[in-house]
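# Coordinate inspection notes
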Amino acid sequence: MYKSGIDMFKKYEKKFNPTVVGTRFTDIKDLALERAQAGLNLIGTVRDLIRPILDNYGVTGGQRGTYLAFGLALARHVVRVKGESAKKIASGLKSYFVTAYGLDPSICDEIIQVVCGWALPY
């Protein structure tokens, strides 16, 4: 039997009791804050590594955000996988961002070097 949207909503409505959810959030608050800090530190570090490259190439406006998105996507993957797998992911992400968003491959290569060099030997 396939669930309809109404069936899923009814389960959602019953499952997510605000009191229970609130208690769960209270129980894990310290851990959640610790993980959030670690994640935000990662984002800040990656941005700090990429900004000088973008400044050097004179990248401005919305394109900066796209290069930052590339670097953050790269970091998200390479902190989880290492070695050849990380290199394949970096190559695939570069290809995707160059093709889909028109990013400069040489700038992407520099971003890969700094992000992967910081996260793992590339």
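Structure shown above.
Attention in this report is confined to the structure presented alongside it.

What counts and what doesn't
- Residues numbered from 1 in each chain as written.
- Predicted model: local features only at pLDDT ≥ 70, side-chain atom pairs only at ≥ 80, totals over all residues.
- Heavy atoms only, no water.
- Salt bridge = Lys/Arg side-chain N within 4 Å of Asp/Glu carboxyl O.
- Helix = DSSP H or I, 4+ residues; strand = E, 2+ residues; numbered from the N terminus.
- Buried < 20%, exposed > 50% of the residue type's maximum accessible area, 1.4 Å probe, protein only.
- Expected span 1.5 Å × (residues − 1).
- Bend = angle between axes of the 7 residues up to and from the residue.
- Polar contact = N/O pair within 3.5 Å; in protein donor to acceptor, adjacent residues only side chain to side chain.
- Core = buried A, V, L, I, M, F, W, Y, C linked by side-chain atoms within 4.5 Å.

### Remarks on the pattern of salt bridges
One pass over the structure, following the stated rule, counts four salt bridges. For the salt bridge of Glu 84 with Lys 87, the shortest nitrogen-to-oxygen distance reads 3.7 Å. Note that Glu 84 and Lys 87 are positioned in helix H4 (residues 83–101) at a spacing of three residues, about one turn of the helix. A relative accessible area of 32% means that Lys 87 is categorised as partly exposed.

### As for helix H2 (residues 18–57)
Helix length check: H2, at 40 residues, gives a terminal C-alpha distance of 50 Å against a target of 58 Å (1.5 Å per residue), a shortfall beyond 12%. The largest bend along H2 measures about 60° and falls at Lys 29. Here H2 starts with a cap whose side-chain oxygen sits 2.8 Å from the backbone nitrogen of Thr 19, and that cap is Asn 17. Immediately downstream of H2, the backbone of Gly 58 shows phi near 70°, a positive value.

### A short note on the nonpolar core
By size, the foremost hydrophobic cluster in this structure holds 23 residues, and its most contacted members are Tyr 67, Phe 70, Leu 74, Ile 111 and Val 115. Listing elements by their share of this core, those giving two or more residues are H2, helix H3 (62–78), H4 and helix H5 (105–119). Sort the elements by how many residues they give to this core and H3 lands first, with seven residues.

### A few points about the environment of Asp 7
Mapped onto the fold, Asp 7 is located in helix H1 (residues 5–15). Judged by its relative accessible area of 33%, Asp 7 is partly exposed. Sequence separation between Asp 7 and Ser 95 is 88 residues, and the spatial gap between their C-alpha atoms is 41 Å.

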